[in-house]
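Now for the letters of each chain:
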Amino acid sequence: MKLNKDFYLCDGLTLSCNLLGKVLCRKTENGILKARIVETEAYMGQGDKAAHASKGKTDRTAVLFEDGGKAYIYLIYGMYCCLNISANIENIPDCVLIRALEPLDGMDEMRKNRKTDKIYNLCSGPGKLCQALQLTKDDNATDLTGDCIWIEEDGFAVGEIATSKRINIDYSQEAIDFLWRFYIPDNPYLSVKERKKK
């Protein structure tokens, strides 16, 4: 079942947890690619120094200032795209970075897109998953209630949700310590493997 608009109209922390276990879907010329969301990070708008929106509304971040339920896709290092899901209501620019997916349908296509046969490496990072699902800056601001990119509920039970500090935000002062990364423990598709407790 495709998630409706109301699902996204909550704060970024809530949405980060609620998205775990849901299925991200991408329509392509060769069929529909599907993968389960297993790792997310919350970015809490203008009060979060790690968030793009912390400096206010710009051409780049304008979509985040609309109602939630849109794709926010941007380029990092000049070569990799990252997919975020906008959250909350108008003028509260929270969002959720999708950090890792577990491939479900269309894996042959994902392998071609990623040029690898290593299944655990297909979507185990924000740049990787965008390559695998053919998500580019052209998809920025896509409405997730449409038929190009959407998220489904398939009844998967998540159970425990683990938390940690967000990754690669060393520039963000006190925000570096916020435990706003959420993931399904022991999932083999995570972007960063869990450290085993001694």
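All figures in this text were calculated on a predicted structure; none of them were measured in a lab.

Chemist: An account of the overall build of the chain is needed here, citing residue identities and associated values.
Modeler: In terms of regular secondary structure, the chain is built from 3 helices and 8 strands. Reading the chain from its N end, one meets helices and strands in the order α-β-β-β-β-β-α-α-β-β-β. Relative to the compact-globule value of 16 Å for 198 residues, the chain shows a C-alpha radius of gyration of 16 Å, a close match. Considered along the principal axes of its C-alpha atoms, the chain spans approximately 45 × 40 × 35 Å. Relative to its 198 residues, the chain shows a buried fraction of 51%. Residue pairs in contact within the chain that sit at least 24 positions apart in sequence constitute 61% of those at least 6 positions apart. Approximately 9,800 Å² of the chain is accessible, and the part contributed by carbon and sulfur atoms is 49%. Charge-centre separation for the chain: the mean point of 28 positive side chains lies 6 Å from the mean point of 29 negative side chains.

Chemist: Describe helix α2 (residues 107–114), and please don't skip the residues or the numbers.
Modeler: Among the residues of α2, those classed as buried are Glu109, Met110 and Arg114. Relative to the axis of α2, the buried residues are bounded by an arc of 125 degrees and lie together on one face. Of the exposed residues in α2, those oriented more than 90 degrees away from the buried face are Asp108 and Lys112. Buried residues in α2 make contact with β2 (31–44), β5 (94–105) and α3 (126–132). Once α2 finishes, Lys115 follows within two positions and takes phi at roughly 55 degrees, a positive value.

Chemist: Describe a nonpolar patch on the surface, listing the residues and the values that go with them.
Modeler: A surface patch of nonpolar side chains, amounting to about 220 Å² of accessible area, comprises Leu9, Ile89 and Ile92. Classification of Leu9 as partly exposed rests on a relative accessible area of 32%.

Chemist: Give a detailed account of the state of the cysteines, specifying residues and quantitative values.
Modeler: Applying the stated criterion across every chain yields a total of 0 disulfides. With no disulfide partner, Cys17 has as its closest neighbouring cysteine sulfur the one in Cys10, 9.7 Å distant. Here Cys123 stays free of any disulfide, with the sulfur of Cys130 as its closest cysteine sulfur at 9.5 Å.

Conventions we followed
Per chain, the residues get numbers from 1 upward, laid out in the order the sequence is written. Two thresholds apply to this predicted model, a pLDDT of at least 70 for residue-level local features and 80 or more for giving and counting side-chain atom pairs, whereas whole-chain, interface and lining totals are computed over all residues. Side-chain numbers here rest on the full set of heavy atoms in the structure, without hydrogens or water. Each helix is a run of H or I in the DSSP string that is no shorter than four residues. Each strand is a run of E no shorter than two, and both are numbered from the N terminus. For a compact globule the rule gives 2.2 Å times the number of residues to the power 0.38, and the radius of gyration it is set against comes from C-alpha atoms. Classification of residues uses two cut-offs on accessible area relative to the type maximum, computed with a 1.4 Å probe and protein chains only: under 20% is buried, over 50% is exposed, and between them is partly exposed. Throughout, a residue-residue contact means that at least one pair of heavy atoms, one from each residue, lies within 4.5 Å. What sets the accessible areas is the Shrake-Rupley method with a 1.4 Å probe; for residues, cover comes only from the shown protein chains. Note on charges: Lys and Arg go in the positive column, Asp and Glu in the negative column, and His and the chain ends are not counted at all. To locate a charge, take atom NZ for lysine, CZ for arginine, CG for aspartate or CD for glutamate. Picture the helix axis, draw a direction to every C-beta atom, and the arc is the one those directions span. Note that patches include only residues with greater than 30% relative accessible area and no salt bridge, and the join distances are 9 Å for like charges and 5 Å for nonpolar side chains (Val, Leu, Ile, Met, Phe, Trp, Tyr). Each reported salt bridge corresponds to a side-chain nitrogen of Lys or Arg within 4 Å of a carboxyl oxygen of Asp or Glu. For this text, the term disulfide refers to a pair of cysteine sulfurs within 2.5 Å.

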